[in-house]
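# Survey of secondary and tertiary structure
What follows is each chain in one-letter form.
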Amino acid sequence: MRHTNILTIVILVCLTMSISSDINAEKKEIRRPRIGLVLSGGGARGLAHIGVIKVLEQYGIRADYVVGTSMGSLVGGLYSSGYNAAALEKTALSIDWEKYLDDRNSRRDLSYNEKQNDGRFIISLPFNKSGSPEITGIIEGVRLHAFLNRLLLNVQSTKDFNSLPIPFACIATDIYTGEAVILNQGHLPTALRASMAIPSIFTPVNIDGRLLVDGGLILNFPVSVARDMGADVIIGVDVGTPLHKKGETLTIPGIIDQITSFRGSESTAKQRNLCNILITPELDEFSSSDFNKTAELIAKGEKAALFHSKELTLLADSQNRFSEPVKKNLTDNVPDNEHIKKIYISRLKVEGLKKVSRQLLDNNLQIKIPSYITTDDIEKAIARTMGSKFFKSVTYRLDREEENNILIIQVEETAVDFLNAGLRYDSDLKAAILINTEFKNVAGEGSRVDFEAILGDNPAFRSSYLSGTGWPIGAGYGAKLWYERIDVYSYLNNDISGEYEFRTYGLDTFLYMLLYHNLYFGLGFKKEFMRIDNVITMEKYSESTLDYLNPYLFLHLDTIDRAFFPRSGIMFNGEAMHISDMLSLNETGDASIQRYFLNTEIYIPVFSRLTFLLTHFFGMTDGEDIPPVYYFAIGGLNNVKNIVFPFIGLGYMEATGTNIHAAGTGLQCELFKNFYLTPKVNVARIKDSTKDVLAGNINTVYGYGITTGYLSILGPVQVSVSRGSNHKIYYHFNIGFMF
């Protein structure tokens, strides 16, 4: 077979050297053979293409045309745009593939509203506006698209792929017609994203009204396209996964390979016959998902190319015989991803907005135009915008108009609502089930409406309305209706001596303002009705109904990296409330009470698996005849309604008072993946009133303990053992998400 290839190349070279006459038969033309490089799809296996290109460069062979499909389109697109083999290898080895193939939002990029629901649901089922369920688990490719933009910054304004340093084309598939689509013009990163859109993994890409997916479905090895572009000699590299045979064990990646290879394998056999040099790296031990084996795959490509050294030597010699210039790869123009230069952007254009206001989008982007920005700035802006959850996809491209750089943001708004569910068991709060529905843009631009019910020993029903006003200051407003029932306790000699049934319902309206990303300030009015039954130790409030009008201010900072077992960040909640009997419907007395609290959690990474914890809580309620529901309580491991705060070494709500000051520290160690061991110690000073503080009547308590935890698909699983200043040992268990 190799001798046949050599003979074919010799014939082609001789033919292209033949003398052809012009119309007057006076002019002679000698033309070197045009070389086409064709790179097949194959997922991670396509990284072997880089090894082949390394060998081609070693032999001095320069392609005149490059055509690729799927992963072959990525390698070929970068090569055509100016990356030489060394730049390709360096880029491939430095890519965090897991990051760019995952569109999950970083918690820090979530908006204030979305963080309230983070870590509450075990399942989220999207459904469209007609109410029917919609398929989940599809990757939009937002991060991948942004990454392609970064890599191809040097050719962002090139519309005709034939104008690239090496003319280029890639292949996609029309999902409706099943036709192979040749992409040789437009926006190069978008074209590559379409060619790589594996069905059921990545969402399709809309280009010129056609919905496109991975080209490997129909034409995984597009040799004929290179022929049509004008190639005389074809070097083809096929890294496609062969079909699995009956009886072979299929993994999930193997099943995906099988599904996407059926029709493509039929055309590949025919396309192989069109190659002059066919390079097939031995990749049986690799799957399409082995992105963590980049170096090995590149080496396999080198080895396979070197096997064809005789053909490559002959082809290189034939190129060198001609003085006709060959386009060089513009390696100097390859972006240095470690030091991205700032680009002056003159104008910002937005495409795709329908129900979300432009101002709300601008508040999330936080890009000031005109100004100098980097691709890092744009990617962070997109991450923040995706964190609002009002958009299904946010991508960008750069264009030029009369020497001006134009940043074009393309958005696709979220077209689905969600039915969410949560499940939890806790030693203190017992079992509970959460059912939640959320609707976006149904009550105005940038609005969100939630309805939820908690079923269990402490039932609750809530509805909320939140709206990003689109004001330039990044403000919003909201309202909440709620009904909740909570069991509370009193203690005597370290044992529960009384149980109370506390019901509360009312209306809360508020305004909030973004001071800085992750830092919010707000004010509100809360009309609160309360019913207290079965009070044993405080009989004066037994069977009583109270209602108050409470204006309040709040400050909220949240930079922690994840809801459970955080590794870094700060969580701060502060509130100042005036409790008034204004507009009271009941005889509540002349109430004038002030209630303040500050609650802080700080997570400082020491090593990759070790985090230092600091906690601080200060709460004070001041006034006459303070209802017990406005006391503060500590004990247990949960923050309950900003009434009960965690304190290891005490039982749930074991210590109460109008003035509490507590602090704690600990170390969180990840012994194995998702398995944690956390020793903690804390101390608190408790007073029953401001008068006690002045009189020096202060009760000091302390506690210490250890918690083992595992982050499961059902939520965190935690078992704690602790001991406090009362010398009693406490055990605590919980599983599931907190809500």
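As the structure is a prediction and not an experimental result, all values here were calculated from the model.

Rules used throughout
- One numbering rule holds for all chains: residues counted from 1, following each sequence as written.
- Only residues with pLDDT of 70 or above have their local features reported here, since the model is predicted, and side-chain atom pairs are shown and tallied only from 80 upward, although totals for entire chains, interfaces and linings are computed over all residues.
- Excluding hydrogens and water, the side-chain figures rest on all heavy atoms present in the structure.
- Each helix corresponds to a stretch of at least 4 residues labelled H or I by DSSP, and each strand to a stretch of at least 2 residues labelled E; elements are numbered beginning at the N terminus.
- Each residue's exposure class comes from its accessible area (1.4 Å probe, protein chains only) as a fraction of the maximum for that residue type: buried when under 20%, exposed when over 50%, partly exposed otherwise.
- In this analysis, two residues are considered to be in contact whenever any of their non-hydrogen atoms come within 4.5 Å of each other.
- Only the protein chains shown count as cover for residues, and all accessible areas are computed by the Shrake-Rupley method using a 1.4 Å probe.
- Angles here are taken between N-to-C directions and fall from 0 to 180 degrees, while the axes themselves are lines fitted to C-alpha atoms, restricted in helices to the stretch in contact.
- Just so you know the grouping, Ala, Val, Leu, Ile, Met, Phe, Trp, Tyr, Cys and Pro go in nonpolar, Asp, Glu, Lys and Arg go in charged, and all remaining residues, Gly too, go in polar.
- As used here, the term nonpolar core means buried Ala, Val, Leu, Ile, Met, Phe, Trp, Tyr and Cys residues forming a set that is joined through side-chain atoms within 4.5 Å.
- Criterion for a salt bridge: a side-chain nitrogen of Lys or Arg within 4 Å of a carboxyl oxygen of Asp or Glu.
- For two strands to count as paired, DSSP must find a minimum of two bridges between them.
- The span expected for a helix works out to 1.5 Å for each residue beyond the first.
- Working note: the arc is built from the helix axis to C-beta atom directions.
- Any pair of N or O atoms that falls within 3.5 Å is considered a polar contact. Within protein, one atom must be able to donate a hydrogen and the other to accept it, and sequence-neighbouring residues count only if both atoms are side-chain atoms.
- Using a grid of 1 Å spacing that covers the protein atoms alone, one calls a set of points a cavity when a 1.4 Å probe fits there but cannot get out, and a pocket when the set is open and has protein on both sides within 12 Å along at least five of seven lines; lining residues are those with an atom within 4 Å of a point.
- Grid points are joined across faces, edges and corners, and a volume is the space filled by probe spheres set on the points.

With that out of the way, let us pick up the overall build of the protein. Broken down by element type, the protein carries 15 helices and 35 strands. The buried share of the protein, taken over its 739 residues, is 53%. Across the protein, the fraction of contacts at a sequence separation of at least 24, relative to all contacts at a separation of at least 6, is 64%. Accessible surface, the protein: about 34300 Å² in total, of which carbon and sulfur atoms supply 57%.

As a packed pair, helix α2 (residues 48-58) and helix α3 (residues 71-81) sit with axes 10 Å apart at the nearest point and diverge in direction by 35 degrees. Between α2, through His49, Ile50, Ile53 and Glu57, and α3, the contact on the second element is made entirely by Gly72, Val75 and Tyr79. Across the contact of α2 with α3, the residue classes break down as four nonpolar, two polar and one charged.

A word on the nonpolar core. Residues Leu37, Leu183 and Ile235 are the most contacted members of the largest nonpolar core, which totals 68 residues. Sort the elements by how many residues they give to this core and α2 lands first, with six residues. Non-local contacts of Leu37, meaning those with residues more than four positions away in its chain, are made with Ile53, Leu56, Ala63, Tyr65, Val66, Val67, Tyr79, Ile235 and Val237. If you look at the next biggest cluster of nonpolar residues, it comprises 29 residues, including Tyr112, Tyr500, Ile593 and Val640.

Tallied over the entire structure, the rule returns 35 salt bridges. For the salt bridge of Arg210 with Glu179, the shortest nitrogen-to-oxygen distance reads 3.1 Å. Taken as a pair, Arg210 in strand β9 (residues 210-214) and Glu179 in the loop between β6 (168-174) and β7 (180-183) lie far apart in primary sequence, 31 residues in all. Residue classification places Arg210 among the partly exposed positions, given a relative accessible area of 30%. For Glu179, a relative accessible area of 43% translates into the label partly exposed. A single network of salt bridges, built from pairs that share partners, joins Glu114, Glu438, Lys440, Arg448 and Asp450.

Time to look at the environment of Phe510. For Phe510, the position within the fold is in strand β22 (residues 495-516). Residue classification places Phe510 among the buried residues on the basis of a relative accessible area of 9%. Each C-alpha atom, one on Phe510 and one on Tyr477, is 5.7 Å from the other, the two residues being 33 residues apart in sequence.

This part takes up the sheet that holds strand β13 (residues 347-351). One open sheet holds the three strands; their spatial order is β13-β16-β15, and the pairing between them is mixed. With one partner strand each, in any of the chains shown, β13 and β15 (391-401) form the two edges of the open sheet. For this sheet, the mean inter-axis angle between neighbouring strands, taken without regard to orientation, is 20 degrees. Note: β13 against strand β16 (residues 404-413), five bridges, orientation parallel. Residue Arg347 lies in a different strand from β16, and its bridge partner there is Ile406. Sitting on the sheet, helix α14 (residues 375-387) touches β15 and β16, and the angle it makes with β15 is about 150 degrees.

Turning our eyes to something else, we now look at helix α12 (residues 309-320). Its 12 residues give α12 an end-to-end C-alpha distance of 16 Å, which sits within 8% of 16 Å, the value for a rise of 1.5 Å per residue. When α12 is considered as a whole, its buried residues turn out to be Glu311, Leu312, Leu315, Ala316, Ser318 and Gln319. Taken around the axis of α12, the buried residues stretch over an arc of 160 degrees, which confines them to a single face. Residues of α12 that are exposed and point over 90 degrees away from its buried face: Lys310 and Asn320.

Turning next to helix α4 (residues 85-94). Regarding α4, the residues found buried are Ala85, Ala87, Leu88, Thr91 and Ala92. Projected down its long axis, α4 shows its buried positions confined to an angular sector of 160 degrees, all on one face. Turned more than 90 degrees away from the buried face of α4 sit Ala86, Lys90 and Ser94, all of them exposed. The secondary structure elements touched by the buried residues of α4 are α2, α3, α5 (97-100), α7 (142-151) and α11 (294-306). Between a side-chain oxygen at the N-terminus of α4 and the backbone nitrogen of Ala86 the separation is 3.3 Å; the capping residue is Asn84.

One can find Arg485 in strand β21 (residues 475-492). On the basis of relative accessibility, which here comes to 14%, the residue Arg485 falls in the buried class. Only 3.2 Å separates the side chain of Arg485 from the side chain of Glu501, close enough to count as a polar contact. In this structure, Arg485 is in contact with Asp457, Asn458, Pro459, Glu501, Phe502 and Arg503, ignoring residues within four places of it in sequence.

Moving on, we come to empty space enclosed by the protein. Scanning all chains against the criterion turns up four cavities of 30 Å³ or more. Here the second largest cavity defines a volume of roughly 290 Å³. In terms of residue class, the lining of the second largest cavity is made up of eight nonpolar, 10 polar and four charged.

Interpretation in functional terms is not warranted from these geometric data alone.
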